[in-house]
Amino acid sequence: QVQLVESGGGLVQPGGSLRLSCAVSGNIFSIRAMGWYRQAPGKQRELVASITSGGNIDYVDSVKGRFTISRNNARNMVYLQMNSLKPEDTAVYYCNANYYIDSYNTQDAWGQGTLVTVSS
């Protein structure tokens, strides 16, 4: 079975930095795209950043210039470097992988979520 294992969440002061990691394992032919989502209490889940195996990257406007997504396609891993963190960044962050199970068909898998709390 496919698993996504996240790490790096925790408590950080405003202006601080945090790096999230996500590793994908299981019966995967290859990764098509990976992304980071977040959900704050009482709010809907939003896409924070995404990156395709070809290197195409997108960010939500609120994190542009502060967050950087990167990946290691060969090892099926994705990272989210978060700098200049703000209290509004507080949320549960989820890793997502869209992957090929054969030469054409794809599926999605999600991590369990890791809590990022930005507070003084």
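Heads up: the structure comes first, above all this text.
This section reports on the structure supplied with the text. (Residues numbered from 1 in each chain as written. Predicted model: local features only at pLDDT ≥ 70, side-chain atom pairs only at ≥ 80, totals over all residues. Heavy atoms only, no water.)

1. Examining the packing of aromatic side chains
Within this structure, the stated rule accounts for one aromatic pair. The side chain of Arg 45 reaches across the aromatic face of Tyr 94, ending 3.8 Å from its centre. We note Arg 45 situated over the ring of Trp 110; from NZ or CZ to the ring centre the distance is 5.0 Å. (Phe/Tyr/Trp six-rings, centres within 6.5 Å; stacked < 30°, edge-to-face > 60°. Lys NZ or Arg CZ within 6 Å of the ring centre and 35° of its normal.)

2. Quick word on the sheet that holds strand E1 (residues 3–7)
Sheet strands pair by backbone hydrogen bonding; their relative direction is either parallel or antiparallel. Judged by pairing direction, the sheet is antiparallel, and its four strands sit side by side in the order E1-E3-E8-E7 without closing on themselves. Across the chains shown, the open sheet's two edge strands, defined by having one partner strand only, are E1 and strand E7 (67–72). In this sheet, neighbouring strand axes are inclined to one another by 15° on average, regardless of whether the strands run parallel or antiparallel. Bridge count for E7 against strand E8 (residues 77–82) is six bridges, and the pairing is antiparallel. Bridged to Phe 67 within E8 is Met 82. (Pairing = 2+ DSSP bridges. Helix = DSSP H or I, 4+ residues; strand = E, 2+ residues; numbered from the N terminus. Axes fitted to C-alpha atoms, helices over the stretch in contact; angles between N-to-C directions.)

3. Overview of the pattern of salt bridges
Scanning all chains against the criterion turns up four salt bridges. What emerges from the salt-bridge pattern is a single network uniting Arg 38, Glu 46, Arg 66 and Asp 89. (Salt bridge = Lys/Arg side-chain N within 4 Å of Asp/Glu carboxyl O.)

4. Brief notes about the environment of Val 63
Take Val 63: it is sitting in the loop between strand E6 (57–59) and E7. As a C-alpha pair, Val 63 and Phe 29 span 34 residues in sequence and 31 Å in three-dimensional space. The residues contacting Val 63, other than those within four sequence positions of it, are Arg 38 and Val 48. (Contact = heavy atoms within 4.5 Å.)

5. Concerning the side chain of Asn 76
Inspection of the secondary structure assignment puts Asn 76 in the loop between E7 and E8. Judged by relative accessible area, which is 18%, Asn 76 ranks as buried. Setting aside chain neighbours within four positions, we find Asn 76 in contact with Cys 22, Ala 23, Val 24 and Ile 31. (Buried < 20%, exposed > 50% of the residue type's maximum accessible area, 1.4 Å probe, protein only.)

6. Observations concerning the pairing of strand E5 (residues 46–52)
Across six bridges, the pairing between strand E4 (residues 30–39) and E5 is antiparallel. Bridge assignment links Trp 36 to a residue of E5, and that residue is Ala 49. Following E4, the chain reverses through six residues before pairing antiparallel with E5; Gly 42 in that reversal takes a positive phi of roughly 75°. Across three bridges, the pairing between E5 and E6 is antiparallel. Paired with Ile 51 across the bridge in E6 is Ile 57. Two successive antiparallel strands, E5 and E6, enclose a turn made up of four residues, where Gly 55 displays a positive phi of approximately 100°.

So far we have only geometry, and geometry alone does not tell us how the molecule works.
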